[in-house]
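These are the residues of each chain, in order.
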Amino acid sequence: MLRCPKCARPLVKEEKRYVCEDGHSYDIAKEGYVNLILANQKHSRNPGDNDESLAARRIFLSKGYYQPLARHLASLVNELVPEKGSFLDRGCGTGYYLNWIINHVDKEIEYYAVDIARKGVAMTAKSNKNATCFVGSVFHLPLGDESLDGLMSVFTPYSGEEFARLIKPGGYVIAVNPGKDHLYQMKSIVYDSAYVNEEKGYDLPGFTLIRQENIRYEKTLETREDIDTLWRMTPYYHTTYSGNNDRLKQYDSIDTVIDFLVSVYRKEQ
Ligand SMILES: [Zn+2]
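Residues numbered from 1 in each chain as written. Predicted model: local features only at pLDDT ≥ 70, side-chain atom pairs only at ≥ 80, totals over all residues.

*Asks:* Which residues make up the overall build of the protein chain, and what values go with them?
*Replies:* Helix and strand counts for the protein chain come out as nine helices and eleven strands. For the protein chain, whose C-alpha radius of gyration is 19 Å, the value lies close to the compact-globule estimate of 18 Å for 269 residues. Summarising its shape, the C-alpha atoms of the protein chain cover approximately 60 × 40 × 30 Å along the three principal directions. The buried share of the protein chain, reckoned over its 269 residues, is 40%. Considering only residue pairs separated by 6 or more positions, the protein chain has 68% of its internal contacts joining residues 24 or more positions apart. (Helix = DSSP H or I, 4+ residues; strand = E, 2+ residues; numbered from the N terminus. Rg over C-alpha atoms; globule rule 2.2 N^0.38 Å. Buried ≥ 20, exposed ≤ 12 C-beta atoms within 10 Å, placed from the backbone. Contact = placed C-beta atoms within 7 Å.)

Here is the structure:
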């Protein structure tokens, strides 16, 4: 159940808004999501990924480049989240993975999705009518203590304290981080000397790492747009001299390894 970001009391859903006992009220947007971010929690007027990059990302993902990860996440949710349990997509982006999970997990689960980028949450809400989608800070979530059976955090900075607060004893955190070889061939075009990634899981007091595996495969990026969009989805794009980023523009297609490190943590009982 959602909580009021101002007073932490439960929010009750009405037809067109959420409201708490104290009378704080939050309108439901036409796409079906609610904005629960407070002005002091955002650092710009329209924080998160910009609209253009989200639209490009949605097209890229719809081509199936990351489908093996989506499939793996769905199988983990199916196995770990109990019938009638609750599950949060923390940093939902365009909602691609959540959509895959909802369509492939045959369980009654209460799904939540949050991102700081309003446009991404709108996309997620539009394609996932049964999920409760809200704009919010992933570090201060308007959800009750020990209210979740699980959450997933895909390429989103983590917060051990917030995970410990939110997850029920025995519940799960599913984390996706770059694997060692992720996009190595792209990096070797951009950088004069490319390094493999250091594989880093999370440091989560109160949780035990119960499983860790790589989802690793080769793909051909088939168009200039796909190459450009994928590179912009990475943290490298913003930290690289633009002349180096431009090296990718000489390619019509690139064969690259895609490598995700998927870690599952269980909260101690
Ligand atoms: Zn309130």
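*Asks:* Outline the environment of threonine 208, supporting the account with residue identities and numerical values.
*Replies:* With respect to the helices and strands, the residue threonine 208 is situated in strand β10 (residues 207-221). The class of threonine 208 is exposed, set by 10 C-beta atoms lying within 10 Å. A C-alpha to C-alpha distance of 6.4 Å links threonine 208 and lysine 267, two positions 59 residues apart in sequence. Discounting chain neighbours no more than four positions away, the residues touching threonine 208 are Tyr265, Arg266 and Glu268.

*Asks:* Tell me about the sheet that holds strand β6 (residues 110-115), and name the residues and values.
*Replies:* Read across the sheet, eight strands follow the order β4-β7-β6-β5-β8-β9-β11-β10 without closing on themselves; strand pairing throughout is mixed. Strand pairing shows two members of the sheet lacking a second neighbour, β4 (34-35) and β10, which therefore form its edges. (Pairing = 2+ DSSP bridges.)

*Asks:* Any chance you could break down helix α3 (residues 96-104) for me, citing the residues and the numbers?
*Replies:* Burial analysis of α3 places seven of its nine residues in the buried class, which makes it a mostly covered element. When α3 is considered as a whole, its buried residues turn out to be Tyr96, Tyr97, Leu98, Asn99, Trp100, Ile101 and Ile102.

*Asks:* Give me the domain arrangement of the protein chain: which residues, what numbers.
*Replies:* We note that the domain assignment places domain 1 (1-30) and domain 2 (33-267) within the protein chain. A separation of 27 Å is found between the C-alpha centroids of domain 1 and domain 2. Contact with domain 1, which involves ten residues of that partner, is made by twelve residues of domain 2. Tallied by class, residues from the side of domain 1 that touches domain 2 come to eight nonpolar, no polar and two charged. (Domains from an automatic or database assignment. Nonpolar A, V, L, I, M, F, W, Y, C, P; charged D, E, K, R; others polar.)

*Asks:* A description of the sheet that holds strand β3 (residues 25-27) should follow, citing residues and the corresponding values.
*Replies:* With antiparallel pairing, the three strands of this open sheet are ordered in space as β1-β2-β3. This sheet does not close on itself; its edge strands, each paired only once, are β1 (12-13) and β3. Across two bridges, β1 lies against strand β2 (residues 17-19) in antiparallel orientation. When the sheet's bridge partners are listed, valine 12 is paired in β2 with valine 19.

*Asks:* Describe the nonpolar core, listing the residues and the values that go with them.
*Replies:* Ala113, Val121, Phe134 and Val173 are the most contacted members of the largest nonpolar core, which totals 71 residues. There are two domains that each give this core at least three residues, and those are domain 1 (1-30) and domain 2 (33-267). Residue contacts for phenylalanine 134: discarding those within four places in its chain leaves Leu2, Tyr33, Val34, Leu36, Val114 and Val121. (Core = buried A, V, L, I, M, F, W, Y, C linked by C-beta atoms within 7 Å.)

*Asks:* Now, about helix α7 (residues 224-233): what can you tell me, with residues and values included?
*Replies:* Three or four residues apart is the spacing at which side chains of an α-helix point the same way, because the helix has 3.6 residues per turn. Taken as a whole, α7 has its buried residues at Ile227, Thr229, Leu230 and Trp231. Where the residues of α7 are buried, they touch α1 (51-62), α6 (184-190), β10, α8 (236-239), α9 (242-245) and β11 (254-267).

*Asks:* Let's hear about the pairing of β11: which residues, and what values?
*Replies:* Counting buried residues in β11 gives ten out of 14 residues, a clear majority hidden from the surface. As paired elements, strand β9 (residues 167-178) and β11 share seven bridges and run antiparallel to each other. Within the sheet, the bridge partner assigned to alanine 175 lies in β11 and is serine 263.

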